[in-house]
Amino acid sequence: MHMVKADVKMDIYSHNDHIAGHVREYLGKHGIYAVNVMGAPGAGKTTSLERLMKHLPGKVYVIEGDIESDLDTERLRRQNVPAAQINTFGACHLDAPLVHNAVHAMAFPEPGILFIENVGNLVCPAELTIGENSKLLIVSVTDGSDKPYKYPLAFEKADVVLLNKVDLLPYLDFDEEFFMKGLRHLNKVAPVFKVSGKTGEGYAEAAQWLTRAAASAAGQ
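Residues numbered from 1 in each chain as written. Predicted model: local features only at pLDDT ≥ 70, side-chain atom pairs only at ≥ 80, totals over all residues. Heavy atoms only, no water.

Draft legend 1. Representation of the overall build of the protein. For the protein, the count of helices and strands is eight helices and seven strands. For the protein, the spread of C-alpha atoms along the three principal axes comes to 50 × 45 × 35 Å. For the protein, buried positions account for 48% of its 220 residues. Long-range pairs, those at least 24 residues apart, make up 73% of the contacts in the protein with a sequence separation of at least 6. As displayed, the protein offers around 10900 Å² of accessible surface, 55% of which is attributable to carbon and sulfur atoms. (Helix = DSSP H or I, 4+ residues; strand = E, 2+ residues; numbered from the N terminus. Buried < 20%, exposed > 50% of the residue type's maximum accessible area, 1.4 Å probe, protein only. Contact = heavy atoms within 4.5 Å. Areas by Shrake-Rupley, 256 points an atom, 1.4 Å probe, with all protein chains shown as cover.)

So, in structure tokens, the structure goes:
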């Protein structure tokens, strides 16, 4: 029985990875660098995207993943950001087939960066690739400094980390040393940018990293 469950799970991952490869290839042909944006509910994912966009030199596109509603998508469209909505209606993460359908329904008139904001969750989104070039993990200091220890896969898989709401650090018992020790035990290379969605601190540096990563991918 356990073998059957394992085989089914492997088949699901294999099918997903196959489609994710198609997504990445399709976006690459259009000059699009895709970023899988992960984070818990309330970590500041959409606000961070708004902040990052102000510092990115090229075109920005967004796919919003939510269980229900299109509030964030409409919020971005009001700022003239090309944005598409995926509702999972209960599923705790996006998968490659959902993203495949969304990207093929979008127009990419010029090269740029596509942010795919995954469903708010620190567990499931890290398990599946969705055709991204990199994974951006957004963690808020209000989440607590123990999150790398409780949700290791998200931190292990991240290519870049934003530690958000640092303007609140004077009012919280956030142990930054403990947080970084846990993160670096899992991931020794991902850069960590301390940011504030409220003040805009740190996003220029994070945008520079994304710009370099996109340029490097385009040059391959």
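Draft legend 2. Spotlight on the pattern of salt bridges. In the structure shown here, the tally under the stated rule is eight salt bridges. The partner of Glu132 in a salt bridge is Lys135, and the shortest N-O contact between them spans 2.4 Å. Here Glu132 matches Lys135 in class, with each residue buried. One network of salt bridges, in which partners are shared, links Glu50, Asp72 and Arg75. (Salt bridge = Lys/Arg side-chain N within 4 Å of Asp/Glu carboxyl O.)

Draft legend 3. Structural view of the side chain of Glu117. With respect to the secondary-structure elements, Glu117 resides in strand β4 (residues 112–117). No salt bridge is formed by the buried Glu117; the nearest opposite charge belongs to Lys45, separated by 4.4 Å. Those residues within four positions of Glu117 in sequence are excluded, and the remaining contacts are Val37, Lys45, Thr46, Leu49, Ile63, Glu64, Gly65, Asp72 and Leu94. (Lys, Arg positive; Asp, Glu negative; His and termini not counted.)

Draft legend 4. Structural context of the pairing of strand β3 (residues 83–87). Pairing of strand β2 (residues 59–66) with β3 involves five bridges; the strand directions are parallel. Directly across from Asp66, in β3, lies its bridge partner Asn87. The handedness of the β2 to β3 crossover, carried by helix α3 (residues 71–77), is right-handed. (Pairing = 2+ DSSP bridges. Right-handed = clockwise from strand over helix to strand, strands pointing away.)

Draft legend 5. Summary view of the sheet that holds β2. With parallel pairing, the seven strands of this open sheet are ordered in space as β3-β2-β4-β1-β5-β6-β7. Pairing within the sheet leaves two strands with one partner each, and these edge strands are β3 and β7 (192–194). When the angles between neighbouring strand axes are averaged without regard to direction, this sheet yields 20 degrees. Across three bridges, the pairing between strand β6 (residues 160–164) and β7 is parallel. Within β7, the residue paired with Leu163 across the bridge is Lys194. (Axes fitted to C-alpha atoms, helices over the stretch in contact; angles between N-to-C directions.)

Draft legend 6. Structural view of unusual backbone geometry. Phi at Ser69 is positive, roughly 75 degrees, even though this residue is not glycine. Mapped onto the secondary structure, Ser69 falls in the loop between β2 and α3. Even without a glycine there, the phi angle at Lys165 is positive, about 65 degrees. Along the polypeptide, Lys165 turns up in the loop between β6 and α7 (176–186).

Draft legend 7. Examining the packing of aromatic side chains more closely. One pass over the structure, following the stated rule, counts four aromatic pairs. Relative to Phe179, the ring of Phe174 lies with its centre 5.5 Å away and its plane at 50 degrees, an arrangement referred to as tilted. Each member of the pair Phe174 and Phe179 is classed as buried. (Phe/Tyr/Trp six-rings, centres within 6.5 Å; stacked < 30°, edge-to-face > 60°.)

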